[in-house]
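# Structural description and commentary
Residue-level listing of the chains:
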Amino acid sequence: MSPQAGSPAVEEGVPLARLTTVGIGGPARAFVQPRTLAELEQAVAWAFERGLRVVPIGLGSNLLAADAGVEALVVRLAGELAAVDIQGELLVAGGGAANAVCLHRARAAGLGGFEFACAIPGTAGGGVRMNAGAYGSDWSQVLVRALVVDSGGADWLRLDELELGYRHSALRPGQIVARVEFRLVPHPPDDVKRTIAELNAQRKATQPTNKRTFGSVFKNPAHELGAGRMLEACGLKGHRIGGAQISPVHANFIENTGDAKAVDALALMAEARRRALEQFGVVLEREVELLGDLELPPAGETL
Ligand SMILES: Cc1cc2nc3c(=O)[nH]c(=O)nc-3n(C[C@H](O)[C@H](O)[C@H](O)COP(=O)(O)OP(=O)(O)OC[C@H]3O[C@@H](n4cnc5c(N)ncnc54)[C@H](O)[C@@H]3O)c2cc1C
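Residues numbered from 1 in each chain as written. Predicted model: local features only at pLDDT ≥ 70, side-chain atom pairs only at ≥ 80, totals over all residues.

Turning our eyes to something else, we now look at the overall build of the chain. In terms of helices and strands, the chain carries seven helices and 18 strands. Computed over the C-alpha atoms, the radius of gyration of the chain is 19 Å, within 12% of the 19 Å expected from 2.2 N^0.38 for a compact globule of 303 residues. In terms of its C-alpha atoms, the chain occupies a principal-axis envelope of roughly 55 × 50 × 35 Å. For the chain, buried positions account for 45% of its 303 residues. For the chain, the proportion of contacts with a sequence separation of at least 24, taken over those separated by at least 6, is 65%. (Helix = DSSP H or I, 4+ residues; strand = E, 2+ residues; numbered from the N terminus. Rg over C-alpha atoms; globule rule 2.2 N^0.38 Å. Buried ≥ 20, exposed ≤ 12 C-beta atoms within 10 Å, placed from the backbone. Contact = placed C-beta atoms within 7 Å.)

A word on the domain arrangement of the chain. Partitioning the chain into domains gives domain 1 (11-76), domain 2 (80-205) and domain 3 (209-303). Between domain 2 and domain 3, the C-alpha centre-to-centre distance is 27 Å. (Domains from an automatic or database assignment.)

Further remarks concern the sheet that holds strand β12 (residues 153-158). If you walk across this open sheet you meet the five strands as β6-β7-β13-β11-β12, and the pairing is antiparallel. A single partner strand is all that each edge strand has here, and the edge strands are β6 (84-87) and β12. Across this sheet, the average inter-strand angle for adjacent strands is 15°, counted without regard to direction. Where strand β11 (residues 143-150) and β12 come together, six bridges link them in antiparallel fashion. Considered in β12, the bridge of Ala146 is made with Leu157. (Pairing = 2+ DSSP bridges. Axes fitted to C-alpha atoms, helices over the stretch in contact; angles between N-to-C directions.)

Within strand β13 (residues 176-183), six of the eight residues are buried, which leaves the element mostly enclosed by the surrounding structure. Judged from the five bridges that link them, strand β7 (residues 90-94) and β13 form a sheet pairing that is antiparallel. Following the sheet pairing, Ala93 is matched in β13 by Val180.

Near the ligand there are 33 residues, and of these Gly58, Gly122, Gly125, Gly126 and Gly215 occur at the shortest range. Within the residue set of the shell around the ligand, elements represented by two or more residues are β3 (53-56), α3 (124-130), β9 (133-134) and β13. Among the elements that make up the shell around the ligand, the one with the highest residue count is α3 (five residues). Split by residue class, the shell around the ligand holds 16 nonpolar, 15 polar and two charged. (Near = placed C-beta within 6 Å. Nonpolar A, V, L, I, M, F, W, Y, C, P; charged D, E, K, R; others polar.)

Leu64, Val74, Val75 and Ala265 are the most contacted members of the largest nonpolar core, which has 89 residues in total. It is helix α7 (residues 262-280) that provides the largest number of residues to this core, a total of seven residues. Not counting residues within four places of it along the chain, the set of residues in contact with Val74 comprises Ala28, Ala30, Phe31, Val55 and Ile57. (Core = buried A, V, L, I, M, F, W, Y, C linked by C-beta atoms within 7 Å.)

What follows deals with the pairing of β6. Bridge count for β6 against β7 is four bridges, and the pairing is antiparallel. In the sheet register, Asp85 faces β7, and the bridge partner there is Val92. Hairpin connection of β6 to β7: two residues between the antiparallel strands, including Gly88 at a positive phi of 65°.

With that settled, the discussion passes to unusual backbone geometry. Even without being a glycine, Tyr135 presents a positive backbone phi close to 50°. As for its placement among the helices and strands, Tyr135 is situated in the loop between β9 and β10 (137-138). Positive phi is not limited to glycine here, since Arg167 has a value of about 50°. Tracing the backbone shows Arg167 in the loop between α4 (159-162) and β13.

Strand order in this open sheet of four strands is β1-β2-β5-β3, and the pairing throughout is mixed. A single partner strand is all that each edge strand has here, and the edge strands are β1 (11-15) and β3. Adjacent strand axes in the sheet meet at a mean angle of 45°, parallel and antiparallel pairs treated alike. Bridging between β1 and strand β2 (residues 27-32) involves four bridges; their strand directions are antiparallel. Note on β2: the bridge partner recorded for Glu11 is Phe31. Sitting on the sheet, helix α1 (residues 37-49) is in contact with β2, β3 and β5 (70-75), with an inclination near 165° to β5.

Taking 1.5 Å of rise per residue, the 19 residues of α7 would be expected to cover 27 Å, and the 26 Å separating its terminal C-alpha atoms lies within 8% of that figure. Where α7 is concerned, the buried positions are Ala262, Asp264, Ala265, Leu266, Leu268, Met269, Ala272, Arg273, Arg275 and Ala276. The inward-facing, buried residues of α7 abut β4 (63-65), α6 (227-233), β15 (240-241), β16 (244-246) and β17 (254-256). At the C-terminal side of α7, Gly281 shows a positive phi close to 65°. (Expected span 1.5 Å × (residues − 1).)

What follows is about the environment of Gly23. Note on placement: Gly23 falls in the loop between β1 and β2. Take Gly23: there are 18 C-beta atoms within 10 Å of it, and that puts it in the partly exposed class. Gly23 sits 189 residues away from Arg212 along the chain, and the two C-alpha atoms are 6.8 Å apart. Look past the residues within four positions of Gly23 in its chain and what remains in contact with it is Ala17, Arg212 and Asn256.

Positionally, His104 belongs in helix α2 (residues 99-108). In this structure His104 comes out as partly exposed when scored by C-beta crowding, with 14 C-beta atoms within 10 Å.

Here it is, written out as structure tokens:
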């Protein structure tokens, strides 16, 4: 099936395990990779006519998808919707552009300000949705506006309209960031390169960068301990359920040791929340996005 002649084909049953960094997840009912704004709008209309939800996906680096898959049209932006262009001090990126590509283009153009994203393995659009950030900066510090598409059409939303907060935006499910504009600052390419090397070295020393994970499991609570230190103090480093394990390197990461299921990761998350509540009286809030029929039990309960 195809939304319109010449448009990219809609594939059925593509395993989400192939589309997520943690490598977990059953089939997407439908999957499409639009290359232009027109193709994206056609895909959204195609799903709307069939009563299917639309789920945008970037590099799947903050996603835990259900073992049974998801009853939705999963959309991954490609072509010009994943391209990067420099216009003076503006970096204009397709929502599907990888952060690494944005950073490479910024450095080559002698622009700084996006170095903080060097270890965030996602896309420009996924970063808007999550207000991704690291090392004291985040998308809200560089974003000017984003072109947002849904079944009602396409609209540029300014930074203040997107209401970016700690790993939060006002984007609703089904809204797709098709393009973003970042404002950067002139900076010598060698300095940008040096900063990236330093930040990457720091990251390698403290996080499981060579394992299959979905990044931070929980947001940092309002507590002197971050989520990682708190779970470490609960003795959870290395704790394993099925094929999922709390990282022995950083307790706020869950690793897929090879054959992990979504339910294994979810059970680990529930256990981590139970222990944090018992030992610290803190309800940890999830950072990872859940896709499909997956729900964390109330804090304190196990799966
Ligand atoms: C090793 C590792 C390290 C990480 N470190 C960090 C870190 O330091 N800081 C940090 O903030 N995050 C970190 N993450 C998490 C993740 O990389 C970020 O949240 C990233 O911004 C997600 O981008 P993505 O494109 O992969 O989105 P996905 O994981 O594909 O999707 C995440 C959410 O965004 C939505 N989404 C994706 N694309 C779009 C779009 N175009 N329009 C609208 N919504 C969209 C999805 O529907 C979903 O709700 C890390 C992850 C890993 C695996």
